Amino acid sequence: MNVRTNCRPNKVTANELVEELILEDRRGQIISVKKTIAAVRRDGPHLAETDCDLVGLIVDFAPAFGLFVAFDLRE
């Protein structure tokens, strides 16, 4: 039986989490700010960054990887 273990260090940065989540999508896709922030909060409960800080990271990273950003935080 194969058991997948989490190889991620216990404490990762917000930059690392956002980049990891963005790299899961393919070029040309649309990234939901709301879903990305929720995933960062889930995977990095120790992070002190505000939602605005995370939106900034998403906006910085997404275009570099050919992705579009959906500003759906308030939906």
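None of the values given here were measured: they were computed from a predicted structure.

## Some thoughts on the overall build of the protein chain
- In terms of regular secondary structure, the protein chain is built from three helices and two strands.
- Across the 75 residues that make up the protein chain, the buried fraction comes to 32%.
- Sequence-distant contacts, at least 24 apart, represent 68% of the contacts inside the protein chain between residues at least 6 apart.

## Structural notes on helix α3 (residues 51-61)
- Among the residues of α3, those classed as buried are Leu54, Val55, Leu57, Ile58 and Phe61. Buried residues along α3 cover an arc of 160 degrees about the axis, so they all sit on one side. Of the exposed residues in α3, the ones pointing more than 90 degrees away from its buried face are Cys52 and Asp60.
- Of the surrounding secondary structure, the elements contacted by the buried residues of α3 are α1 (14-23), α2 (33-43) and β2 (68-70).

## Some words on the confidence of the model for the protein chain
- Mean pLDDT over the protein chain: 88, with 87% of residues reaching 70 or higher.
- Taken together, the stretch residues 1-5 has pLDDT below 50 and engages in zero contacts with residues farther than four places along the chain or on a different chain.

## Thoughts on the nonpolar core
- In terms of nonpolar packing, the biggest core is built from 19 residues, with Val18, Ile22, Ile37, Val40, Leu54 and Leu57 touching the most fellow members.
- Of all the secondary structure elements, the ones that give two or more residues to this core are α1, α2 and α3.
- Each residue touching leucine 54, except ones within four places of it in the same chain, is listed here: Ala14, Val18, Ile37, Val40, Arg41 and Glu49.

## Here's the deal with the side chain of threonine 36
- By secondary structure assignment, the location of threonine 36 is in helix α2.
- In this structure threonine 36 comes out as buried when scored by relative accessible area, which is 8%.
- At 2.8 Å, the side chain of threonine 36 and the backbone oxygen of serine 32 are in polar contact.
- In contact with threonine 36, not counting residues within four places along its chain, are Leu21, Ile31 and Ile58.

## Here we look at the pattern of salt bridges
- In total, this model carries two salt bridges according to the counting rule given.
- Its salt-bridge partner being arginine 41, residue aspartate 51 comes within 2.8 Å of it at the nearest N-O pair. Of this pair, aspartate 51 sits in helix α3 while arginine 41 is found in helix α2, placing the two residues 10 residues apart along the sequence.
- A relative accessible area of 33% places aspartate 51 in the partly exposed class.
- In this structure, aspartate 43 engages arginine 42 in a salt bridge whose closest nitrogen and oxygen atoms are separated by 2.9 Å.

Reading the values: rules and limits
Residues numbered from 1 in each chain as written. Predicted model: local features only at pLDDT ≥ 70, side-chain atom pairs only at ≥ 80, totals over all residues. Heavy atoms only, no water. Helix = DSSP H or I, 4+ residues; strand = E, 2+ residues; numbered from the N terminus. Buried < 20%, exposed > 50% of the residue type's maximum accessible area, 1.4 Å probe, protein only. Contact = heavy atoms within 4.5 Å. Arc of directions from axis to C-beta. pLDDT = per-residue confidence, 0-100. Core = buried A, V, L, I, M, F, W, Y, C linked by side-chain atoms within 4.5 Å. Polar contact = N/O pair within 3.5 Å; in protein donor to acceptor, adjacent residues only side chain to side chain. Salt bridge = Lys/Arg side-chain N within 4 Å of Asp/Glu carboxyl O.

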